[in-house]
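Structural overview
Each chain is listed here by its residues.
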Amino acid sequence: MKTEIIEGWPQGHEIRILVSDTDSSQVNAIRRALIADVPKLAITRVDFSQGVTQDNKGEVVESVNALPDEVIAHRLAMIPIPTNLDEGLVFPEACENCRDVVEKDKGCPMCQVLYTLSARGPSSDSEEELKTVFAGDITTISDPVFDIREEHKQIPLTVLSKGQFLEFYAFAVLGRGRDHAKWSPVAAVGFRPQQIAVLEKPKKAKVLFDLGLTTTDGTPIDPKLFGKDKKITNINHVMDLEKALHQVGAGTGRDGDFDEAITMETVDGAFVFSFETDGSLDPVTAFNMALDELSTRFDNLNEDLASALA
Ligand SMILES: [Zn+2]
């Protein structure tokens, strides 16, 4: 199997990768590994402060809230936590300090990342009625490398009215998507056979070229896009062209004149693999981790088979 990042990617957290010399079941194994096996950090426990307290101005605030604690805990679990496995974090079940202690004592700096938040609604003399609490209000108590990323700070958690406060400690641990979706680092994972566009009937293809469409990188969709051999091999351009062909497809009233002037050839054993991460991992790291997960699994299988057959 060969893998190659397609030119122009990754873009943000999205990526396209050409996987060749393979078949669909192998590519699907990578897809499943990305969704279910690649570990990431997610908040899994939240300790809320509860009760009524008085601030230094004598104002009384209470831990009631528009949302139930469970819902806030769920929203916290969905915030992408920057995951860098080089930091030496271990899975809670593999942690030497915590493996053999009772449930309530589990959790130490080696296996969890600690966050805190302390917010209160507008003061009683304020003109504002509500205050929104954002993911950006969360403070990291552990290493700053785990700070919520800038792009995720605008995620709203809840709103507080006058006289309300929200205070908690939150604990993030490593996990895998197969145990809970909050530990799945990717979205929109898919793949399709690699295709090459062929210009079969240049005159009839004018129906498409006259529409003045462009590819996502701004190149006009015209005869020049197809080089001398009347083919497009650039994967991004082929995918853009595929979308453009809907403008001359069945039901558009142009399909008769267009008369399948451009056709698609499928490349054997090659697939365009695309996905995006939630921002906890960069897409290249996530893909490599998926391949590592698969190779470890098959190594284990080889060992098991060897010992079973010995
Ligand atoms: Zn631990």
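Residues numbered from 1 in each chain as written. Predicted model: local features only at pLDDT ≥ 70, side-chain atom pairs only at ≥ 80, totals over all residues.

**A short note on the sheet that holds strand β3 (residues 40-48)**
- One open sheet holds the four strands; their spatial order is β3-β10-β6-β8, and the pairing between them is antiparallel. Pairing within the sheet leaves two strands with one partner each, and these edge strands are β3 and β8 (139-140).
- One ladder, built from eight bridges, connects β3 with strand β10 (residues 165-175); its direction is antiparallel. In the strand pairing of β10, V46 is matched with A170. (Pairing = 2+ DSSP bridges. Helix = DSSP H or I, 4+ residues; strand = E, 2+ residues; numbered from the N terminus.)

**Section: the environment of F271**
- If you trace the backbone, F271 turns up in strand β13 (residues 262-277).
- Along the primary structure F271 and D147 are separated by 124 residues, whereas in three dimensions their C-alpha atoms are 36 Å apart.
- Aside from chain neighbours lying at most four places away, what touches F271 is V19, T22, S24, V27, F191, R192, P193 and Q194. (Contact = placed C-beta atoms within 7 Å.)

**Structural notes on the sheet that holds β13**
- Spatial strand order, β1-β2-β13-β11-β12: five strands in an open sheet with antiparallel pairing. Since the sheet does not close on itself, it has two edges, and those belong to β1 (2-5) and β12 (231-232), each with one partner.
- Alignment of strand β11 (residues 186-199) against β13, held across 11 bridges, turns out to be antiparallel. When the bridges of β13 are listed, R192 appears paired with V272.
- Against the sheet, helix α1 (residues 24-36) touches β2 (14-20), β11 and β13, its axis set at about 150° to β11. (Axes fitted to C-alpha atoms, helices over the stretch in contact; angles between N-to-C directions.)

**Some details on the domain arrangement of the chain**
- On domain assignment, one finds that the chain holds domain 1 (2-37 + 186-277) and domain 2 (41-181).
- For domain 1 and domain 2, the distance between their C-alpha centres works out to 43 Å. (Domains from an automatic or database assignment.)

**Concerning helix α4 (residues 235-244)**
- Turning to α4, its buried residues number three or more, namely I235, M239, D240 and L241.
- Buried residues along α4 sit in contact with β2, β11, β12 and β13. (Buried ≥ 20, exposed ≤ 12 C-beta atoms within 10 Å, placed from the backbone.)

**Observations regarding the packing of α1 against helix α6 (residues 283-309)**
- Where α1 meets α6, the closest approach of the two axes is 9 Å, and the angle between their N-to-C directions is 110°. Relative to α6, the element α1 lies roughly perpendicular. Between α1 and α6, the contacting residues are A29, I30, A33 and L34 on the first element and A286, A290, L291, E293 and L294 on the second.
- Across the contact of α1 with α6, the residue classes tally to eight nonpolar, no polar and one charged. (Parallel < 35°, antiparallel > 145°, perpendicular 65-115°, else oblique. Nonpolar A, V, L, I, M, F, W, Y, C, P; charged D, E, K, R; others polar.)

**Section: the environment of E151**
- Structurally, E151 can be placed in the loop between β8 and β9 (156-161).
- What makes E151 exposed here is the crowd of 11 C-beta atoms within 10 Å.
- Residues E151 and G136 lie 15 residues apart in sequence; the distance between their C-alpha atoms is 9.4 Å.

**What to know about unusual backbone geometry**
- Cis peptide bonds are those with omega within 30 degrees of zero, and the linkage from W9 to P10 qualifies with 0°.
- Assignment of secondary structure puts P10 in the loop between β1 and β2.
- Of note, A188 is a non-glycine position whose phi angle comes to about 50°, a positive value.
- Judged by the 8 C-beta atoms lying within 10 Å of it, A188 is exposed.

**Focus on the pairing of β13**
- Summarising the sheet, β2 and β13 pair through six bridges and their orientation is antiparallel. Across the sheet, the residue bridging to R16 is S274, located in β13.

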